[in-house]
Amino acid sequence: MADNRLRIVKYINDPVYGGIGVTKIELALIDTPVFQRLRGLRQLARVNFVFPGAEHSRYVHSLGVLYIMGLMTEHLQKQGVLNEDDVLKLRVAALLHDIGHYPLSHLGESVYGYCLDNQNATNIVEVRPSVNEKFLYEMASSHSRSANHEHLGKYIVIHNRDISKVLWENGLDPLEIGEIFTGEYGSRNMVYTQLLHSSLDADRLDYLLRDSYQTGVKYGLVDLQYLVRLLMVVEDPALAENNKVLVCNKKGQHVVEHFLMSRYFHYSQVIFHKTNAAFEGMIRCMYIKLVQSGSFLFDSLEDIHNSINDDCFLQFHDAFLETALKGYYDQTTDEEYKRLYEMYRDRIRPKVVFEAKDLYEISPKQEFSVLKWELKRIQIRLRK
């Protein structure tokens, strides 16, 4: 007898896939205020400074990941690999996988990660002994993962009253759902992790297709339907327990290679476009200063954890950040911040002083990459 929890009750129009079917459980999750917050988070942060159409949100991306997960699980269920309970869990995990994102997405994540790692820092340019001086560009390129959005998402799924209530009422364990989209579930079921937390998963497929559509570039186009049809589960003899893994039929090798190359070109031509990288570096520096000043909504990851059931958490989105950046500009005496904000406001990006296509470590013990080494080497000329 079919699980009634998987019956589609509504279709949501989507420019990429046409229509996305959602179940009663998924609709209840979508209607929660904490999920609706995702409407205010841009998927690509400030890529819209370069590609004006890149205004799509984490909300619509989450719906897209649900759609692709639906295709994948339906295909694997027909093969007898997944049962209805598996499908239900994976669809819900796909829908909720980005529930923990920060304002400006990964940019905000790196800011709170930096602040968590540098709790004693009082300024971005901190005066230390000359050999340990911390420079502005190092803050602008901070990519700490200590405030990972997936783990914040897991915390929200477990502790937010609205989300956890919907899950418990429908026989789903919030902890299990969270561990599926963080990848922690892999030790028990590798297929779950590969479908949502691997190099070729529902998340990456949607953002390639959606970002390509919204930016107007063609780098991320992949043959989604064919790729899904090639999915299969086999036993890996190298794994002692839970040895079932997700693979693609060998005849689809060219499709997988095309997907991987599409990801490369998408990142190199869109995400790491020099103008976007410059503005994101500026915003990251301002954002760090704002959080450390105590003038923003949340000063730390702990503050966020303590507020996920409060109305103030629903304001934790891009528009609120933009207002806060302007408010701090009006009140601060920090000339460095003021200059950064004026450049951001007037869309004056920093100039490229050094560009390297291939970064590598000179040795495993080398602390800095070639790029950082070059910037330190020419720092005296840069200050003139």
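Since we're looking at a predicted model, the values are computed, not measured.

**Q** Help me understand the overall build of the chain, please; the structure alone is not making it clear to me.
**A** When helices and strands are tallied, the chain shows 19 helices and four strands. Burial statistics for the chain: of 384 residues in total, 51% are counted as buried. Looking at the chain alone, contacts between residues at least 24 apart form 69% of all its contacts between residues at least 6 apart. Summed over its atoms, the accessible surface of the chain is roughly 18800 Å², and 51% of this surface lies on carbon and sulfur atoms.

**Q** Would you explain the pattern of salt bridges in this entry?
**A** Applying the stated rule across the entire model yields 18 salt bridges. The partner of Glu-336 in a salt bridge is Lys-289, and the shortest N-O contact between them spans 3.0 Å. Residue Glu-336 is found in helix 17 (residues 335-345), and its partner Lys-289 is found in helix 14 (residues 274-293); the two are separated by 47 residues along the sequence. Of the residues examined, Lys-289 reaches a relative accessible area of 6% and is grouped as buried. The structure contains a network of salt bridges with shared partners spanning Arg-5, Asp-85, Lys-89 and Glu-176.

**Q** Can you walk me through helix 16 (residues 318-331) in this structure?
**A** Here helix 16 spans 20 Å end to end across 14 residues, near enough to the 20 Å set by a 1.5 Å rise per residue. For helix 16, the secondary structure elements touched by its buried residues are helix 14 and helix 17.

**Q** Even after reading the chapter, I still don't get the packing of aromatic side chains, so can you show me in this structure?
**A** In this description, an aromatic ring pair is defined by two values, namely the gap between the centres and the angle between the planes. Summed over the entire model, instances satisfying the criterion amount to 21 aromatic pairs. Centroid distance Tyr-17 to Tyr-67: 4.4 Å. Interplanar angle 15 degrees. Geometry classified as stacked. With Tyr-17 in the loop between strand 1 (8-14) and strand 2 (18-23) and Tyr-67 in helix 3 (residues 58-78), the pair connects residues that are 50 residues apart, well separated along the chain. Taken as a pair, Tyr-17 and Tyr-67 share a single burial class, namely buried.

**Q** Teacher, can you tell me more about unusual backbone geometry here?
**A** Backbone phi values are negative for most residues with the exception of glycine, while trans is the configuration of most peptide bonds. Positive phi values are uncommon outside glycine, yet Ala-45 reaches one of about 50 degrees. Mapped onto the elements, Ala-45 comes out in the loop between helix 2 (33-36) and helix 3. With phi around 55 degrees, Ser-105 is a residue other than glycine that occupies positive phi space. By the element assignment, Ser-105 lies in the loop between helix 4 (84-96) and helix 5 (106-117).

**Q** Can you help me understand the layout of surface pockets in this one?
**A** The rolling of a water-molecule-sized probe over the atoms marks out the regions of remaining empty space. Of the voids in this model, the second largest pocket is the one considered here, and its volume is about 270 Å³. As for the second largest pocket, its lining consists of 15 residues, of which Ile-8, Gly-70, Leu-71, Glu-74 and Arg-91 are closest to the centre. No other element matches helix 3, which puts seven residues into the lining of the second largest pocket. Of the residues contributing to the lining of the second largest pocket, the split by class is seven nonpolar, six polar and two charged.

**Q** Just checking my understanding: could you explain the side chain of Glu-280 for this structure?
**A** Summarising the element assignment, Glu-280 is placed in helix 14. Buried within the structure, Glu-280 lacks any salt-bridge partner; Arg-284 is the closest side chain of opposite charge, at an N-O distance of 4.1 Å. Residues within four places of Glu-280 in sequence aside, it is in contact with Leu-44, Ala-45, Arg-46 and Leu-107.

The rules behind each value
- Residues numbered from 1 in each chain as written.
- Predicted model: local features only at pLDDT ≥ 70, side-chain atom pairs only at ≥ 80, totals over all residues.
- Heavy atoms only, no water.
- Helix = DSSP H or I, 4+ residues; strand = E, 2+ residues; numbered from the N terminus.
- Buried < 20%, exposed > 50% of the residue type's maximum accessible area, 1.4 Å probe, protein only.
- Contact = heavy atoms within 4.5 Å.
- Areas by Shrake-Rupley, 256 points an atom, 1.4 Å probe, with all protein chains shown as cover.
- Salt bridge = Lys/Arg side-chain N within 4 Å of Asp/Glu carboxyl O.
- Expected span 1.5 Å × (residues − 1).
- Phe/Tyr/Trp six-rings, centres within 6.5 Å; stacked < 30°, edge-to-face > 60°.
- 1 Å grid on protein atoms, 1.4 Å probe; cavity = no way out; pocket = protein on both sides within 12 Å on 5 of 7 lines; lining within 4 Å.
- Points joined across faces, edges and corners; volume = space filled by probe spheres on them.
- Nonpolar A, V, L, I, M, F, W, Y, C, P; charged D, E, K, R; others polar.
- Lys, Arg positive; Asp, Glu negative; His and termini not counted.

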